[in-house]
Amino acid sequence: MVTGAGSGIGRSVALALAEDGWELALAGRRARPLEETAALTGTDALCVPTDVTAPEAVTALFAAVRDRFGRVDLLFNNAGTFAGGGTPVEDLDYETWRAVVDVNLTGAFLCAQAAYRHMKEQSPRGGRIINNGSISAHVPRPHSVAYTATKHAMTGLTKSLSLDGRPYRIACGQIDIGNAATDMTRRMETGILQANGETAVEPVMDAADVARTVAHMAALPLEANVQFATVMATAMPYIGRG
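Residues numbered from 1 in each chain as written. Predicted model: local features only at pLDDT ≥ 70, side-chain atom pairs only at ≥ 80, totals over all residues. Heavy atoms only, no water.

1. Overview of the overall build of the chain
- Secondary structure summary: the chain contains 6 helices and 9 strands in total.
- At 17 Å, the chain has a C-alpha radius of gyration in line with the 18 Å of a compact globule built from 242 residues.
- For the chain, the C-alpha atoms occupy an extent of roughly 55 × 35 × 35 Å along the three principal directions.
- Within the chain, buried positions represent 48% of all 242 residues.
- In the chain, the proportion of contacts linking residues at least 24 apart, taken out of those at least 6 apart, comes to 68%.
- For the chain, the accessible area works out to roughly 11300 Å², and carbon and sulfur atoms hold 52% of it.
- Taken together, the 21 basic and 25 acidic charged side chains of the chain have centroids lying 5 Å from each other. (Helix = DSSP H or I, 4+ residues; strand = E, 2+ residues; numbered from the N terminus. Rg over C-alpha atoms; globule rule 2.2 N^0.38 Å. Buried < 20%, exposed > 50% of the residue type's maximum accessible area, 1.4 Å probe, protein only. Contact = heavy atoms within 4.5 Å. Areas by Shrake-Rupley, 256 points an atom, 1.4 Å probe, with all protein chains shown as cover. Lys, Arg positive; Asp, Glu negative; His and termini not counted. Charge placed at Lys NZ, Arg CZ, Asp CG, Glu CD.)

And the structure:
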């Protein structure tokens, strides 16, 4: 299962997983982008429009997957938003903060929880969860308090899932991505605020390079796990940021 599968990294990961022979369930807010992703994969992917912030919608998503495939072997927890990015802390309104937390953190938890329940009970038992963190799980950008806070929290979610999943053959890892070329990062190519107050163009990388990394993590036997992987544009400001 891939959440946020209608565009960007989610779409690229769906393509890579399809190439490796995975049967796909694609989740996202809107049906048409999911159907476009499914068509690009050349598979009979299950497309389920889903609001990951709504517990009942997540329950329905996993019920649909169980009914179609009988089990859940992999969740790529990818749905996310950068709403409020560029807004100073003192100007960020509560509604925006809440929206970012709901999608990036609560949505990831709800999907992981549902996957965990299925993986624990299915036979053969077990499965893998891969969370989409971010370079912002390590270091912030200016004026990104909501996004950065949720991505730091994602690391805690990953660690807890890894620990609690050990008795049940549930592996959980995290991929931290820096400047993959998607609609969300298009501003990198025109100039983005740096920690020193300047605006600078930043290099980006092909999202397919991220997808290959996720596919590698997904292909490992459950006895092995990539706990944390960082994949980034080589020359982006991360080492030495600020």
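2. Some points on the side chain of Gln174
- Looking at the element boundaries, Gln174 is found in strand E6 (residues 170-178).
- Judged by relative accessible area, Gln174 falls into the buried class, the value being 0%.
- Within the structure, the side chain of Gln174 is placed 3.1 Å from the side chain of Thr155, a separation counted as a polar contact.
- With near-sequence residues (within four places) excluded, Gln174 lies in contact with Asn131, Gly133, Ala137, Met154, Thr155, Thr158, Met217, Val226, Gln227, Phe228 and Ala229. (Polar contact = N/O pair within 3.5 Å; in protein donor to acceptor, adjacent residues only side chain to side chain.)

3. Some details on the pattern of salt bridges
- The tally for this structure, following the rule as stated, stands at 9 salt bridges.
- Close ionic contact of Asp67 with Arg66 constitutes a salt bridge, the shortest N to O distance being 3.6 Å.
- Owing to a relative accessible area of 61%, Asp67 belongs among the exposed residues under this scheme.
- For Arg66, a relative accessible area of 41% gives the class partly exposed. (Salt bridge = Lys/Arg side-chain N within 4 Å of Asp/Glu carboxyl O.)

4. Thoughts on the pairing of E6
- Within E6, 9 of the 9 residues are buried, which leaves the element mostly enclosed by the surrounding structure.
- Residues Ile170, Cys172, Gln174, Asp176 and Gly178 point to one face of E6 and Ala171, Gly173, Ile175 and Ile177 to the other, with burial holding for every one of them.
- Summarising the sheet, strand E5 (residues 127-132) and E6 pair through 6 bridges and their orientation is parallel. Opposite Asn132, over in E6, you have Ile175 as the bridge partner.
- Looking at chain direction, E6 and strand E9 (residues 228-232) are connected through 5 bridges and run parallel. (Pairing = 2+ DSSP bridges.)

Note that every value here comes from positions in space, so none of it alone points to a role or purpose.
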